[in-house]
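So the chains spell out like this:
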Amino acid sequence: MALHRVFQLSSVLRSAVSLTLRRNIGLSAVLFNRAKELDPIQKLFLDKIRDYKTKSKSSGGIVEAGADYQKNVTDEVTKLQRLYGGGDLAKFPDIHFTEPKLEEAAK
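Residues numbered from 1 in each chain as written. Predicted model: local features only at pLDDT ≥ 70, side-chain atom pairs only at ≥ 80, totals over all residues. Heavy atoms only, no water.

The name given to the protein in an unreviewed UniProt entry is ATP synthase-coupling factor 6, mitochondrial, with Zoarces viviparus as the source organism. Taken from UniProt, the Sequence similarities (unreviewed entry) comment for the protein reads in full: "Belongs to the eukaryotic ATPase subunit F6 family." (UniProt positions renumbered as here; feature names shortened; annotations may be inferred.)

So, in structure tokens, the structure goes:
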């Protein structure tokens, strides 16, 4: 009986230790990946993303958009306003639903 209890306790203890080790190994792997130096391709990719972020903040919109881009955008907006009856295309339309009139039918 006592031997059976020891085996049960060791099984519970083994599963608890296993769970703790898996959690710690998972956490240490994330920390290790953060601490180690990036792959050169990953570093280049991140540098380009950061560069684009600074350029977009300084320009306030699309990066390196010239006069041709602005002309195309205004032409497309004008075309859409003509097709769909004008209005502000940057604002979501107001949609109003009316309640249907339900009448009880006599039997």
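## A closer look at the overall build of the protein
In terms of regular secondary structure, the protein is built from 3 helices and 0 strands. Moving toward the C terminus, one meets the helices and strands of the protein in the order α-α-α. Every one of the 107 residues in the protein was classed for burial, and the buried ones make up 1%. Counting every atom, the protein has about 10,700 Å² of accessible surface; 62% of that belongs to carbon and sulfur. (Helix = DSSP H or I, 4+ residues; strand = E, 2+ residues; numbered from the N terminus. Buried < 20%, exposed > 50% of the residue type's maximum accessible area, 1.4 Å probe, protein only. Areas by Shrake-Rupley, 256 points an atom, 1.4 Å probe, with all protein chains shown as cover.)

## Details of a nonpolar patch on the surface
Taken together, the side chains of Ile-62, Tyr-69, Val-73, Val-77, Leu-80, Leu-83, Tyr-84 and Leu-89 define a hydrophobic patch exposed on the protein surface, amounting to about 750 Å² of accessible area. Structurally, Ile-62 can be placed in the loop between helix 2 (40-59) and helix 3 (67-83). (Patch = residues over 30% accessible without salt bridge, like charges linked within 9 Å, V, L, I, M, F, W, Y side chains within 5 Å. Salt bridge = Lys/Arg side-chain N within 4 Å of Asp/Glu carboxyl O.)

## Here's the deal with helix 2
In a regular helix each residue adds 1.5 Å, so 20 residues correspond to 28 Å; helix 2 covers 28 Å between its end C-alpha atoms and thus fits that length. Of the residues one or two after helix 2, Gly-60 is the one with positive phi, at around 80°. (Expected span 1.5 Å × (residues − 1).)

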